Structures are given as C-alpha cells and as structure tokens.
Amino acid sequence: MLCGLFFSGCKKKDSAGNPDEIVIGEFASLTGATASFGQSAHKGVRMAVDEANANGGVLGKKLRLVTEDDQSKAGEAATVVRRMISREKPVAIIGEVASSRSLEAAPICQQNKIPMISPASTNPKVTETGDYIFRVCFIDPFQGAVLAKFMLQRGWKNAAILTDVKQDYAVGLTDFFKDYFTKNGGTIVSEQSYSSGDKDFKAQLTSIRSTNPEAILVAGYYNEAGLIASQARELDIKVPLLGGDGWDSPSLVEVAGDAMEGNFFSNHFSAEDKSPAVQDFLAKYKAKYLESPDAMSALAYDATMLLFDAMKRAGTTDSAALRDAIASTSGFPAVTGNITLDANRNASKSAVILQIQNGKFRFVETVAP
Ligand code: PHE
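Residues numbered from 1 in each chain as written. Predicted model: local features only at pLDDT ≥ 70, side-chain atom pairs only at ≥ 80, totals over all residues. Heavy atoms only, no water.

Strand order in the open sheet formed by five strands is β2-β1-β3-β4-β5, and the pairing between neighbours is parallel. Each edge of the open sheet is held by one strand with a lone partner, namely β2 (62-69) and β5 (133-135). Geometrically, the sheet is characterised by an average inter-axis angle of 25 degrees between neighbouring strands, direction not taken into account. Bridge count between strand β3 (residues 92-94) and strand β4 (residues 116-118): two bridges; the pairing is parallel. Bridge pairing in β4 links Ile94 to Ile117. Contacting β1 (21-28), β2 and β3, helix α2 (residues 35-54) runs over the sheet at an angle of about 170 degrees to β2. (Pairing = 2+ DSSP bridges. Helix = DSSP H or I, 4+ residues; strand = E, 2+ residues; numbered from the N terminus. Axes fitted to C-alpha atoms, helices over the stretch in contact; angles between N-to-C directions. Contact = heavy atoms within 4.5 Å.)

Printed below as a string of structure tokens:
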C-alpha cells in the first residue's frame, strides 16, 4: 500500500512488475552530435509525464518514465530499445527525433507489439515499418514540397543541393524537394553530398558556387548546417541557404554566428505563434526549464499526451487495445496543431517557415497541407 502511494521511494527488484505504475519508455539522443534534439525531446516527454502524475496519473496509476540515451550513434538506438523492452517492459515507447534512429528501433517495437510514437521523424519509411509505429508530425513529401514551393515563390528557380547522405531524413527530403521543384519549373544546378560529422565543406561549396544558384538547400542537421553556412560566407556565397526541420536547434546560430543571418528553414512550430495552445505551453515550459521550447520539445510533449489520451480511451494499457486507440486518434488538441492519425499512422499538419534574424528564429509564414 505504502508503495502505491510513495512508489518513487520504494526499491523494488522487479519494478517492471509493479502493478501500481505504468512504465513509459523513451529513447533519445541525450548526448553526441545531435544532443540538442534528445535533450529537447526529453524535456517535452518529462513535462507531460510530470503533469499527468500531478493530476493523479492515468487509469488510476502513476506513470514511470524510463529514458535511454542512444548517444546520437548509428546502431545504438536498436541496442538500447531492445534492452529497455526486455528489462522494463514499457507499455509504449516515445522516440526518436532523427529518422535513421527511429528506423532502427521501429522493427524491434513492431516485433514486440509495443506501440512506438515518434515525435519528430519525418521520413515516410518510419511508420511504413508496421501497424504499431506512429508519428505526430508531418512527413517529408510535404516538407520537401513546402521548401520547393517557397523557393519558387521567391523567384529562386535555380537551386543547388547539399545533402547528408548518412541520414535517411536528409536523403528523403532531397528527393521530395527535387521532385516538386523540377516539376514546377525549377532547375537543380548542382547536387553535392557530405556525411554526418564532416567538418570541411569547401570543395562542395566551391563546386556549387561555380553553378551560380539562386538558393541552396542544405538537407541535414544543425551542426553541419552551421559549419556550411560559415564556410559559404568565407567563399563569398551570398545566396540564401534553406533547410528543413533538422536545422532547429539553438546551436545552429551558435555554430554559424552572423553567417546564418537571413537564411530560412521549415519547421513544425514557431514560438511566435499567438495561439493559446502555443502560448500556454511556452509559459509552462519556461517556468519549468527556464528556457524556450523548440519544435522537438513541443512535439515530444504532444506525442506523450496523445499516448495518455489513447490509454484513457482504451481503458487499458494492453498492447492491441492501446494500439487501436492510438490509431483512432482524431482531432486531438495538441500544441503543434490538432492531430488526426491517418490510415498510415501519420499526422497531417501545417508547416511553418522561419527566418534567422538577429540570431532569432522569426516566423515568416504557415503552409497548410
Ligand atoms: N525530421 C527530422 C528527421 O526525421 C528530425 C527533426 C525534427 C529535427 C524536428 C529537428 C526538428 O530526422
């Protein structure tokens, strides 16, 4: 009895078997190259769990969050998710941000029939893994078209592309961008690639410069995007650089400084959105963490709250019933926009375009699906 009330103080050998609590799993890149993704997502998940526990838990039970760090490393997501499933027996798993790491873990969750909800992985293949795999964000065929359309509207018809070929996200985004751009009057004048972790992009940028693009798509994550922006400046490339959601990190500007000014990226969320859902979240988040949330924290909070909503609707955490309840999510009021999951377990939501101005991410426009 005491354990039920004060479960956090109880030392149980087999906590996975504690009938008074529900175990929620999370895997995230808390350290390593894209640590800011994992840190932000974790804060969002933590906030949702704390909030639910403060309100008495879910289905009369307290929630216990188990988080594993995949260190931003290829191969590690599969290892930590396998371990978490066998040791902790979570009823569902939240993760990951990076598509390649979600793709590693998804088959393991599918095999074990544990619902996995990715907050932010946008590559279509993630949810194609199977019927236990969900996401609460839009997918890259949409994001690629949003970026292509934005360039064409600005009159930038000749684009160059620089892609991180080590990330499924970047490779997919490039393909979907190219498809829309070239079908709608644009020309790709140069296609270059790099690998996550690279530091020197001068050869690719020099080659891009010789083709005189009007804009450059940098499909990849924030660290390399920051370095690319700096080196583009050094090479006197003055045209705007554009990125996708993978640019979203405070480190983007820390790495690049002034060289990022004026560039654009598409994202899931803008902290400048005046909607009560966003402003309430912002206030709660700032009070808890003394910093502003980014897209990952908002999406991870949404993914976790959506999971709790499904548990309540299912009236149980049993695997098949919980899966069905998540799958039938409709009009769930989330911070990043209402979420209805389609037959492919994806969400159809608006994107925003942001511009870096004085080191801040300023809202430019919303693009509906
Ligand atoms: N969409 C990226 C991916 O699939 C991850 C990401 C989402 C990064 C949101 C930043 C913000 O890999």
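Grouped together as the largest cluster of nonpolar side chains are 100 residues, with contacts concentrated most on Ile24, Leu307 and Phe308. For this core, the element with the highest residue contribution is helix α12 (residues 295-314), accounting for 12 residues. Beyond its immediate stretch of four places on either side in the chain, Ile24 contacts Leu63, Arg64, Leu65, Val66, Pro90, Val91, Ala92, Ile94, Leu307, Phe308 and Met311. By size, the runner-up hydrophobic cluster in this structure holds 20 residues, among which are Ile108, Met116, Val126 and Ile133. (Core = buried A, V, L, I, M, F, W, Y, C linked by side-chain atoms within 4.5 Å. Buried < 20%, exposed > 50% of the residue type's maximum accessible area, 1.4 Å probe, protein only.)

Turning our eyes to something else, we now look at the domain arrangement of the protein chain. The domains assigned to the protein chain are domain 1 (15-138 + 274-349) and domain 2 (140-267). Measuring from the centre of the C-alpha atoms in domain 1 to the corresponding centre in domain 2 gives 29 Å. Note on domain 1 versus domain 2: buried area summed over both sides is about 1,400 Å², and carbon and sulfur give 51% of it. Summed over the three residues of domain 1 that lose the most area to domain 2, namely Phe37, Thr122 and Phe138, the buried surface amounts to 33% of that side. Linking domain 1 with domain 2 are one salt bridge, by the criterion used here. Where Lys125 meets Asp168, a salt bridge forms, and the shortest distance between an N and an O atom there is 3.0 Å. The interface formed by domain 1 and domain 2 contains 11 residue pairs in polar contact (both at pLDDT 80 or more). (Domains from an automatic or database assignment. Buried area = accessible area lost by both parts, 1.4 Å probe. Salt bridge = Lys/Arg side-chain N within 4 Å of Asp/Glu carboxyl O. Polar contact = N/O pair within 3.5 Å; in protein donor to acceptor, adjacent residues only side chain to side chain.)

Glancing now at helix α6 (residues 140-153). Between the first and last C-alpha of α6 there are 19 Å, a value that for 14 residues agrees with the 20 Å anticipated at 1.5 Å per step. Within α6 the residues assigned to the buried category are Asp140, Phe142, Gln143, Gly144, Ala145, Val146, Leu147, Ala148, Phe150, Met151 and Leu152. At the C-terminal side of α6, Gly155 shows a positive phi close to 85 degrees. (Expected span 1.5 Å × (residues − 1).)

Topologically, Phe177 is positioned in helix α7 (residues 168-183). Taking C-alpha positions, Phe177 is 8.9 Å from Lys149, a pair spaced 28 residues apart along the chain. Ignoring sequence-local partners within four residues, the contact set of Phe177 consists of Gly144, Leu147, Ala148, Met151, Ala159, Ile161, Ile188 and Leu217.

This part takes up the site of the ligand. In the vicinity of the ligand there are 13 residues, among which Ser99, Thr122, Tyr221, Asp245 and Met296 approach most closely. At 3.0 Å, a backbone N or O of Ala120 approaches a nitrogen atom of the ligand. Side-chain polar atom of Asp245 to a nitrogen atom of the ligand: 2.7 Å apart, as the coordinates give it. Computed on the free molecule, the ligand has an accessible area of 320 Å², of which 100% lies beneath the protein chains in the complex. Residue composition of the shell around the ligand, grouped by class: seven nonpolar, five polar and one charged. (Near = heavy atom within 4 Å. Areas by Shrake-Rupley, 256 points an atom, 1.4 Å probe, with all protein chains shown as cover. Nonpolar A, V, L, I, M, F, W, Y, C, P; charged D, E, K, R; others polar.)

Pairs of packed helices are described in terms of their axes, by the angle between the two and the distance that separates them. Packing of helix α3 (residues 76-88) against helix α4 (residues 99-111) brings their axes to within 8 Å, and their N-to-C directions diverge by 30 degrees. Crossing of α3 against α4: the hand is right-handed. Here Glu76, Ala77, Ala78, Val81, Arg82 and Ile85 of α3 lie close against α4, whose contacting residues are Arg101, Glu104, Ala105, Ile108 and Cys109. In terms of residue class, the contact of α3 with α4 is made up of seven nonpolar, no polar and four charged. (Left-handed = near helix turned anticlockwise from the far one by under 90°.)

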